[in-house]
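# Structural characterization, general
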Amino acid sequence: QVQLVESGGGLVQPGGSLRLSCSASGRIYSINAMAWYRQPPGKQRDLVARITKDGSTDYAESVKGRFTMSRNNTQFTAYLQMNSLKPEDTAVYYCNALGHESFSERFESWGQGTQVTVSS
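Reading the values: the criteria
Residues numbered from 1 in each chain as written. Predicted model: local features only at pLDDT ≥ 70, side-chain atom pairs only at ≥ 80, totals over all residues. Heavy atoms only, no water. Buried < 20%, exposed > 50% of the residue type's maximum accessible area, 1.4 Å probe, protein only. Helix = DSSP H or I, 4+ residues; strand = E, 2+ residues; numbered from the N terminus. Pairing = 2+ DSSP bridges. Disulfide = S-S within 2.5 Å. Salt bridge = Lys/Arg side-chain N within 4 Å of Asp/Glu carboxyl O. Axes fitted to C-alpha atoms, helices over the stretch in contact; angles between N-to-C directions.

## Brief notes about the pairing of strand β4 (residues 30-39)
Burial runs high along β4: 8 of the 10 residues are buried. When β4 meets strand β9 (residues 91-100), the two strands line up antiparallel, connected through 9 bridges. Residue pairing across strands places Gln-39 opposite Val-92, the latter belonging to β9. Here β4 folds back onto strand β5 (residues 46-52), and the loop between the two strands holds 6 residues, one of which, Gly-42, carries a positive phi near 75 degrees.

Shown next as structure tokens:
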């Protein structure tokens, strides 16, 4: 079983920055992709950013140019640098990972979520 733990959320003023971290642990053979999703109050959970094992990234249109995702493959950790934050970025942010627990056993895991609130 693979566990994901997020950190770095909090309250920030519009225009400010936050850095989220996601650390994976447990029975991990490899992690193919890690991603950040977010869920605003009363809305569905949507993809924010994704990064593959080779470092390729893609972002939601609403965060392009403001958010940057990176990862440390040796430590099974991913980061989301969020700059120029807006009130509409307010949401619970969830980390997601896809990979293998062994050569043949795949996994998909979710973190517990971290709250990001952008408000003056």
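## Things to note about unusual backbone geometry
A positive phi angle, close to 50 degrees, is found at Ser-84, a residue other than glycine. With a relative accessible area of 41%, Ser-84 lands in the partly exposed category.

## Overview of the state of the cysteines
This structure, assessed with the given rule, holds 1 disulfide. Between the sulfur atoms of Cys-22 and its disulfide mate Cys-95 the distance is 2.0 Å. On the sign convention where negative means left-handed, the S-S torsion of about -85 degrees between Cys-22 and Cys-95 marks this disulfide as left-handed. Linking Cys-22 in strand β3 (residues 18-26) with Cys-95 in strand β9, this pair joins segments that are 73 residues apart in sequence. Neither Cys-22 nor Cys-95 differs from the other in exposure class; each is buried.

## Some details on the pattern of salt bridges
A full pass over the atoms with the stated rule returns 6 salt bridges. Note that Arg-50 is salt-bridged to Asp-58, the shortest N-O span being 3.6 Å. Here the residues in one salt-bridge network are Arg-27, Glu-101 and Glu-105, joined through shared partners.

## So, the sheet that holds strand β8 (residues 77-82)
Strand order in the open sheet formed by 4 strands is β1-β3-β8-β7, with antiparallel pairing between adjacent strands. Each end of this open sheet is capped by a strand with a single partner; those strands are β1 (2-7) and β7 (67-72). Along the sheet, successive strands turn relative to each other by an average axial angle of 15 degrees, direction set aside. Relative to β8, β3 is paired through 6 bridges, and the arrangement is antiparallel. Bridge assignment links Leu-18 to a residue of β8, and that residue is Met-82.

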